[in-house]
Amino acid sequence: MFHTVKQRFRDMRTITALCSGAEKLANADGQKEPATEHLVLSALELPDGTARKAFERVHADSNGFRAAIARQYEDALQNIGISLAPDTAIEDEPIAVAEGKGLFKSQASFSSVMQTLYEVKNEEQKTDSAAPLLGAHVLLAATSAQYGVAMRALRAMGVDPAKLAEAARAEIAASRMAQP
Amino acid sequence: MVKLKLLPSADDPAEALAAVVALRLMAEKLEIAAVKAALEQGWSWSQIAEALGVSKQAAHKRLANSLSKPRSE
């Protein structure tokens, strides 16, 4: 019981880190509110390292995810005949916006992933109430989407979201096995 | 007025919608950069609003907070 309560507090800290990290990344990229792609980037920065390891399991470099986000924007524009010159690429134009004030606000895709994350964790807690919230859980929740910037970025990296979800599940299982 | 026949094909909704998202982001970034430049050149919020075709209140509400104290990476 004590372990469960302690773990819930740790998970709350993880969620705070995920949200504030995602918001910072979005603001630094000129977006007022974070979306799924910023949540994934934030998950990659979590100290548990499971999100990064999940990428490694599918032989992908998680450091390339940020560039893949920019690339999928460029691809999307190119598909309608708009070609960006290399020196005007979206990723090369970091127009930072001021940090959000007051209540945390996010884009719809972010809220949707957080809801899925809650459901994933709720399901897991039926069998393991003390299992910590990991970056891999975020990947698992994020890859439940079919469309959107994050999924397009993964595909631009040559990563199949379904395979990344499998890798995230494997990382979660490995982490549970490694627990004392 | 943009002629509809000049718009790209929307036969592939996934690609067309992804392009809409990219265009929206590009427009937002361009708007922030342009308003920032205008303010630095001494434009008033009334002038900016007029150029954007929105009310002064709407322009200020939507953009002022984004421009103050940008985060550093």
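Remember, it's a predicted structure, so these values are computed and weren't measured experimentally.

## Brief notes about the overall build of chain A
Here is step 1 of the chain: Each helix and strand in chain A was counted, giving 8 helices and 0 strands.
Here is step 2 of the chain: Its helices and strands taken in sequence order, chain A reads α-α-α-α-α-α-α-α from the N to the C terminus.
Here is step 3 of the chain: Over its C-alpha atoms chain A spans a radius of gyration of 17 Å, differing by no more than 12% from the 16 Å that the globule rule assigns to 180 residues.
Here is step 4 of the chain: Each of the three principal axes of chain A carries a C-alpha extent, and together these read 55 × 40 × 25 Å.

## Quick word on the overall build of chain B
Here is step 1 of the chain: Within chain B, the regular secondary structure consists of 3 helices and 0 strands.
Here is step 2 of the chain: Within chain B, buried positions represent 11% of all 73 residues.

## Let's talk about the packing of helix α2 (residues 36-44) of chain A against helix α4 (residues 65-78) of chain A
All names here are of chain A.
Here is step 1 of the chain: Taken N-terminus to C-terminus, the directions of α2 and α4 make an angle of 165°; their axes are 10 Å apart at the nearest point. Taken together, α2 and α4 sit at an angle that is classed as roughly antiparallel. As for how α2 packs across α4, the hand of that crossing is right-handed. Residues Glu 37, Val 40, Leu 41 and Leu 44 of α2 lie in contact with α4, whose contacting residues are Phe 65, Arg 66 and Ile 69.
Here is step 2 of the chain: Grouping the amino acids of the contact of α2 with α4 by side-chain chemistry returns 5 nonpolar, no polar and 2 charged.

## Let's talk about unusual backbone geometry
Residues and elements named next belong to chain A.
Here is step 1 of the chain: For His 59, which is not a glycine, the phi torsion comes out positive at approximately 60°.
Here is step 2 of the chain: Examined against the element boundaries, His 59 turns out to sit in the loop between α3 (50-57) and α4.
Here is step 3 of the chain: On the basis of neighbour count, His 59 is assigned to the exposed category, with 10 C-beta atoms found within 10 Å.

## Details of helix α6 (residues 135-142) of chain A
For an α-helix, the turn length of 3.6 residues means that residues three or four places apart are oriented alike.
Here is step 1 of the chain: Across the 8 residues that make up α6(A), a large majority, 8, are buried.
Here is step 2 of the chain: Among the residues of α6(A), those classed as buried are A:Gly135, A:Ala136, A:His137, A:Val138, A:Leu139, A:Leu140, A:Ala141 and A:Ala142.

## Describing the packing of helix α1 (residues 13-40) of chain B against helix α3 (residues 56-67) of chain B
All names here are of chain B.
Here is step 1 of the chain: Relative orientation of the contacting elements α1 and α3 amounts to 80°, with a least axis distance of 10 Å. By the criterion of interaxial angle, the relationship of α1 to α3 is roughly perpendicular. Within the contact between the two elements, α1 uses Ile 32, Val 35 and Lys 36 and α3 uses Leu 63, Ser 66 and Leu 67.
Here is step 2 of the chain: Residues of the contact of α1 with α3, tallied by class, amount to 4 nonpolar, 1 polar and 1 charged.

## A closer look at the confidence of the model for chain B
Residue and element names in this part refer to chain B.
Here is step 1 of the chain: The pLDDT averaged across chain B works out to 83; a share of 81% of its residues lies at or above 70.
Here is step 2 of the chain: The least confident element of chain B is α3, whose mean pLDDT is 86; the most confident is helix α2 (residues 45-52), at 95.
Here is step 3 of the chain: Reported confidence for the predicted complex is 0.80 by ipTM and 0.86 by pTM.

## A few points about the nonpolar core
Residues and elements named next belong to chain A.
Here is step 1 of the chain: Ranked by internal contacts, the top residues of the largest apolar core, which has 42 residues, are Leu 39, Val 40, Ala 43, Val 138, Leu 139 and Ala 153.
Here is step 2 of the chain: Going through the elements one at a time, α1 (2-28), α2, α3, α4, α5 (108-125), α6, α7 (149-156) and α8 (161-178) are the ones with two or more residues in this core.
Here is step 3 of the chain: What Leu 139 contacts, discounting residues up to four positions off in sequence, is Val 40, Ala 43, Ala 51, Ala 54, Leu 164 and Ala 168.

## Thoughts on α3(B)
Here is step 1 of the chain: Between its first and last C-alpha atoms α3(B) spans 15 Å; for 12 residues at 1.5 Å apiece the expected length is 16 Å, and the two agree.
Here is step 2 of the chain: Taken together, the buried residues of α3(B) touch α1 and α2 of chain B.

## Quick look at the environment of A:Phe104
Residues and elements named next belong to chain A.
Here is step 1 of the chain: In this structure, Phe 104 sits in the loop between α4 and α5.
Here is step 2 of the chain: Since 13 C-beta atoms lie within 10 Å of it, Phe 104 is described here as partly exposed.
Here is step 3 of the chain: Not counting chain neighbours up to four residues away, the residues in contact with Phe 104 comprise Cys 19 and Glu 23.

How each quantity is defined
- Residues numbered from 1 in each chain as written.
- Chains lettered and ligands numbered in written order.
- Predicted model: local features only at pLDDT ≥ 70, side-chain atom pairs only at ≥ 80, totals over all residues.
- Helix = DSSP H or I, 4+ residues; strand = E, 2+ residues; numbered from the N terminus.
- Rg over C-alpha atoms; globule rule 2.2 N^0.38 Å.
- Buried ≥ 20, exposed ≤ 12 C-beta atoms within 10 Å, placed from the backbone.
- Axes fitted to C-alpha atoms, helices over the stretch in contact; angles between N-to-C directions.
- Parallel < 35°, antiparallel > 145°, perpendicular 65-115°, else oblique.
- Left-handed = near helix turned anticlockwise from the far one by under 90°.
- Contact = placed C-beta atoms within 7 Å.
- Nonpolar A, V, L, I, M, F, W, Y, C, P; charged D, E, K, R; others polar.
- pLDDT = per-residue confidence, 0-100.
- Core = buried A, V, L, I, M, F, W, Y, C linked by C-beta atoms within 7 Å.
- Expected span 1.5 Å × (residues − 1).

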